[in-house]
Amino acid sequence: MTPLQRFIASHPRLFVLTGAGCSTASGIPDYRDRDGQWKRTPPVTYTAFMHEPPTRRRYWARSMVGWRRFGHAQPNATHHALAALERQGKIELLVTQNVDGLHQRAGNTRVVDLHGRLDTVRCMACDWRGPRHDFQHALIERNPDWTDLDAADAPDGDADLDHQDFASFDVPPCPHCGGIVKPDVVFFGENVPRERVAAAMAACRDADAMLVVGSSLMVYSGYRFAHAAAQAGKPVAAVTLGRTRADELLALKVDGACEEALGFLLADTSAASIA
């Protein structure tokens, strides 16, 4: 039995926090390198998106291209392993920093999408919400000349459209009030809704240990839970590639790919089904 297997076996009520490393095997790039530094230009900020029309045009042009693959991403072995762990009754709550909805598609039901979901858009004026797939059609209708463009995938449905002039890109307004439409996700510089933090903190208090999967915890919105767990005397384990912000708080660190480290959960499921 590996140290990670022993950790999970000895703590039956786990508070699980996941990050971008969970979804890289699904073809969705992550943001940071092994040292926790940005691999690319940091994401657009909330202030820039809301107050700079050129930034909005650039964001939605890149998103229109990136959504073609991001919107069809499938859960990988990490997602299925964590779904199996929930079916075993060992997850108090799964809190994800990801915005791809892949945990739910794999079968997890006890999920808080800390940073929201990219498959929904919302109006920042009237709070109208709609499916991202429908908004994609509106983007294409207004910008048919952009449909043949392709680019390398970037994190969270973005695409690396370099050397493009975005001045002519036409961003659809809210269909109800004409306001600014934004993905229903938390941008940098924007606060996580209080009710999500409260629900996550309550589950962290009720759990007897915390398991971090695929996150460097460099962003405070995730780090705060590891800090709270450690302050409460709860052991924290992390499965991720490279350094985390909480390394000094960890009772166990597994430096490796999530799908490999958690593979035993799927093996356990297969063995149980055969038995």
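Residues numbered from 1 in each chain as written. Predicted model: local features only at pLDDT ≥ 70, side-chain atom pairs only at ≥ 80, totals over all residues. Heavy atoms only, no water.

**Section: helix 3 (residues 53-70)**
Part 1: With 18 residues, helix 3 extends 24 Å between its outermost C-alpha atoms, agreeing within 8% with the 26 Å of an ideal straight helix rising 1.5 Å per residue.
Part 2: At M64, helix 3 shows its strongest bend, of approximately 35°.
Part 3: Among the residues of helix 3, T55, R56, Y59, W60, A61, R62, S63, M64, V65, G66, W67 and F70 are the ones counted as buried.
Part 4: Residues of helix 3 that are buried sit in contact with helix 2 (46-51), strand 4 (116-123), helix 6 (132-142) and strand 6 (181-185). (Helix = DSSP H or I, 4+ residues; strand = E, 2+ residues; numbered from the N terminus. Expected span 1.5 Å × (residues − 1). Bend = angle between axes of the 7 residues up to and from the residue. Buried < 20%, exposed > 50% of the residue type's maximum accessible area, 1.4 Å probe, protein only. Contact = heavy atoms within 4.5 Å.)

**Here's the deal with the sheet that holds strand 5 (residues 129-131)**
Part 1: The three strands lie next to each other as 5-4-6, forming an open sheet whose pairing is antiparallel. Every other strand in the sheet has two partners, leaving strand 5 and strand 6 as the edge strands with one partner each. Each strand axis lies, on average, 40° off the axis of its neighbour in the sheet, ignoring direction.
Part 2: The pairing of strand 4 with strand 5 spans three bridges and is antiparallel. Paired with T120 across the two strands is P131, which belongs to strand 5.
Part 3: Sitting on the sheet, helix 3 is in contact with strand 4 and strand 6, with an inclination near 140° to strand 4. (Pairing = 2+ DSSP bridges. Axes fitted to C-alpha atoms, helices over the stretch in contact; angles between N-to-C directions.)

**Notes on the UniProt feature "binding site: Zn(2+)" (unreviewed entry) in the protein chain**
Part 1: Within this numbering scheme, the UniProt entry marks C123, C126, C174 and C177 as carrying the feature "binding site: Zn(2+)" (unreviewed entry). Annotated residues spanning 55 residues; largest pairwise C-alpha distance 8.6 Å, indicating a single compact cluster.
Part 2: Apart from the residues lying within four places of it in its own chain, the contact partners of C123 are W128, C174, C177, G179, I180 and V181.
Part 3: Its place among the elements puts C126 in the loop between strand 4 and strand 5.
Part 4: With residues up to four places along the chain from it excluded, the contact list for C126 reads C174, H176 and C177. (UniProt positions renumbered as here; feature names shortened; annotations may be inferred.)

**Considerations on the packing of helix 3 against helix 6**
Part 1: Put simply, helix 3 and helix 6 touch, their axes get as near as 10 Å, and they point 120° apart. Here helix 6 runs oblique to helix 3, going by the angle between their axes. Helix-helix and strand crossings are classified by hand; for helix 3 and helix 6 the assignment is left-handed. Facing helix 3, whose interface residues are W60, S63, M64, W67 and R68, helix 6 presents R132, H133, F135, Q136, L139 and I140.
Part 2: When its residues are assigned to classes, the contact of helix 3 with helix 6 shows six nonpolar, three polar and two charged. (Parallel < 35°, antiparallel > 145°, perpendicular 65-115°, else oblique. Left-handed = near helix turned anticlockwise from the far one by under 90°. Nonpolar A, V, L, I, M, F, W, Y, C, P; charged D, E, K, R; others polar.)

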